[in-house]
Amino acid sequence: MRKLLSLLLVPLVAAATLATVGTPATAHPAKPFPARIALPDGFTPEGLTIGRGTTVYVGSVLDGAVWRGDLRTGRGSVLIPGTPGAAKAGLKIDERGRLWTADFTGGGASVYDPGTGARLAHYPFTTDPNTLVNDMVITERAVYFTDSTRPVLYVVPLGPGGRLPAPAAVRVLPLTGPGATPDAFNNGIVALPDGDLLVAQMLTGQLVRVDPSTGGSSVFDLGGYSVDRADGLVLRGRTLYVIRNLSNVIAVVRLNAGYTAGTVQREITGPQLRSPATGDLFGSALYVVNGRFDVESTPTTDFDIVRVPA
């Protein structure tokens, strides 16, 4: 009798278990990440970087404030208060979790604790009042910064394990070739897998490869395609995203095996792009910050981050 009861009960228990686990009515699908994240009115953003988890950071080109938010919830607050007359452009998080900022009109760069906002280091590059330290790329050995008004890269060498150097270690790398074209407005920068750097020239509409050891450069072949108003660059594998601000276009470029040329596969555009400045990848999405460079920034001007399929 006991054996007979077992044979009858086991299938019933198993069926009940399967029904409980697989019943669609009890499933709770994950809430989708917001397609738009509002920034504080009047914030005047320029740089954006995604840190650990779903944390995103945005810098203000107005006063140097840094806003920290969450891609999952869309909520955030100012981490680093602004200072009148200061400005921050490009932002990046390094492998040790430190937040780097290009201090735009300040002629240098700063490094912060991304949790507390405390400044860990400051690197002055130049005293030229007309300088615009715009964007950066972090490699294993150094951090390279573009200057939109001078044909140079600023180099902050990193010590063993990514140790921060003394300010005196900073060096200036003069550019030669097309990278030194007058009034080119060198802007976004990424590191190619072969060790060279790729720099966007916003006003010439071209990309240039730069040898980080010599400063020599050459035009990156895009098959005649112009990246006029090229601002931020984002690279994943052999796919390059060229964010073109006033054009309201993101060009998706497939690089060749030698990283000497690329083919534009498609353009991303739409009303959600409002003079996009730069962006960063998270999963299968590209998050872009809208700089709204076509309007005058006032204390009531709205700014945002938007998510587009990558």
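Residues numbered from 1 in each chain as written. Predicted model: local features only at pLDDT ≥ 70, side-chain atom pairs only at ≥ 80, totals over all residues. Heavy atoms only, no water.

### Considerations on the packing of aromatic side chains
Here a ring pair, both rings aromatic, is described through the centre-centre distance and the interplanar angle of the planes. Per the counting criterion, the structure on display carries 5 aromatic pairs. A ring pair is formed by Trp100 and Phe145, whose centres lie 6.5 Å apart and whose planes are at 45°; its orientation type is tilted. Here the residue Trp100 occupies a position in strand 7 (residues 99-102), and Phe145 occupies one in strand 11 (residues 142-147), the gap between them amounting to 45 residues. The class for Trp100 is buried, based on a relative accessible area of 0%. Judged by relative accessible area, Phe145 falls into the buried class, the value being 0%. Through successive ring pairs, a cluster of aromatic residues spans Trp100, Tyr123, Phe125, Phe145 and Tyr154. (Phe/Tyr/Trp six-rings, centres within 6.5 Å; stacked < 30°, edge-to-face > 60°. Helix = DSSP H or I, 4+ residues; strand = E, 2+ residues; numbered from the N terminus. Buried < 20%, exposed > 50% of the residue type's maximum accessible area, 1.4 Å probe, protein only.)

### Here we look at the sheet that holds strand 6 (residues 91-93)
To summarise the sheet geometry, strands pair through backbone hydrogen bonds and adopt either a parallel or an antiparallel arrangement. The antiparallel open sheet is built from 4 strands, whose spatial order is 6-7-8-9. Each end of this open sheet is capped by a strand with a single partner; those strands are strand 6 and strand 9 (119-124). On average, each strand axis in the sheet is inclined to that of its neighbour by 15°, with strand direction left out of account. When strand 6 meets strand 7, the two strands line up antiparallel, connected through 3 bridges. Opposite Ile93, over in strand 7, you have Leu99 as the bridge partner. (Pairing = 2+ DSSP bridges. Axes fitted to C-alpha atoms, helices over the stretch in contact; angles between N-to-C directions.)

### Brief notes about the pattern of salt bridges
One pass over the full model with this rule turns up 11 salt bridges. Between Arg98 and Asp94 there is a salt bridge, with the nearest N and O atoms lying 2.7 Å from each other. (Salt bridge = Lys/Arg side-chain N within 4 Å of Asp/Glu carboxyl O.)

### Some thoughts on the confidence of the model for the chain
Predicted confidence across the chain gives a mean pLDDT of 91, with 91% of residues reaching 70 or more. Every residue in residues 1-26 is under pLDDT 50, and counting partners more than four places away or in other chains gives 2 contacts. (pLDDT = per-residue confidence, 0-100. Contact = heavy atoms within 4.5 Å.)

### Re the sheet that holds strand 17 (residues 217-219)
Within the open sheet, the 4 strands sit side by side as 14-15-16-17. Their pairing is antiparallel. Each edge of the open sheet carries a strand with a single partner, namely strand 14 (186-191) and strand 17. Sheet twist, expressed as the mean angle between neighbouring strand axes with direction ignored, is 30°. Two strands pair when backbone bridges link them, and strand 15 (residues 197-201) and strand 16 (residues 206-210) are joined in this way by 5 bridges, in the antiparallel orientation. Note that in strand 16 the partner of Leu197 across the bridge is Val210.

### Some details on the nonpolar core
Across soluble globular proteins, you tend to see nonpolar side chains buried next to one another. Among the nonpolar cores identified, the biggest contains 17 residues, and Val58, Trp67 and Ile305 are the most heavily contacted of them. Those elements that place two or more of their residues in this core are strand 1 (36-39), strand 2 (45-50), strand 3 (55-60), strand 23 (285-290) and strand 24 (303-309). Considering each element in turn, this core owes the most residues, 3 residues, to strand 23. Setting aside residues up to four positions removed in sequence, Val58 forms contacts with Leu39, Phe43, Pro45, Gly47, Leu48, Ala65, Val66, Trp67, Leu91, Val289 and Ile305. (Core = buried A, V, L, I, M, F, W, Y, C linked by side-chain atoms within 4.5 Å.)

### With respect to the pairing of strand 11
With 6 of 6 residues buried, strand 11 lies mostly within the body of the structure. Going residue by residue along strand 11, you find Ala142, Tyr144 and Thr146 tucked away on one face and Val143, Phe145 and Asp147 tucked away on the opposite face as well. Pairing between strand 10 (residues 133-138) and strand 11: 4 bridges, direction antiparallel. By the bridge assignment, Val137 is partnered in strand 11 with Tyr144. What sits between the antiparallel neighbours strand 10 and strand 11 is a turn of 3 residues. Pairing between strand 11 and strand 12 (residues 152-157): 5 bridges, direction antiparallel. The partner of Val143 across the bridge, within strand 12, is Val156. Between strand 11 and strand 12, which follow one another and run antiparallel, lie 4 residues.

### Topic: the side chain of Arg98
With respect to the helices and strands, Arg98 occurs in the loop between strand 6 and strand 7. By relative accessible area, which is 11% here, Arg98 ends up buried. A polar atom in the side chain of Arg98 sits 2.7 Å from the side chain of Asp94. For Arg98, the side chain forms a polar contact with the main-chain oxygen of Gly162, separated by 2.6 Å. Setting aside anything within four residues of it in sequence, one finds Arg98 in contact with Lys92, Ile93, Val111, Tyr112, Pro114, Leu120, Gly162 and Leu164. (Polar contact = N/O pair within 3.5 Å; in protein donor to acceptor, adjacent residues only side chain to side chain.)

### Quick look at the environment of Glu46
Within the secondary structure, Glu46 sits in strand 2. Owing to a relative accessible area of 8%, Glu46 belongs among the buried residues under this scheme. Separated by 245 residues in sequence, Glu46 and Gly291 place their C-alpha atoms 5.7 Å apart. For Glu46, the contacting residues outside a window of four places in its chain are Gly59, Val61, Lys88, Ala89, Gly90, Asn134, Asp231, Ala277, Thr278, Val289 and Phe293.

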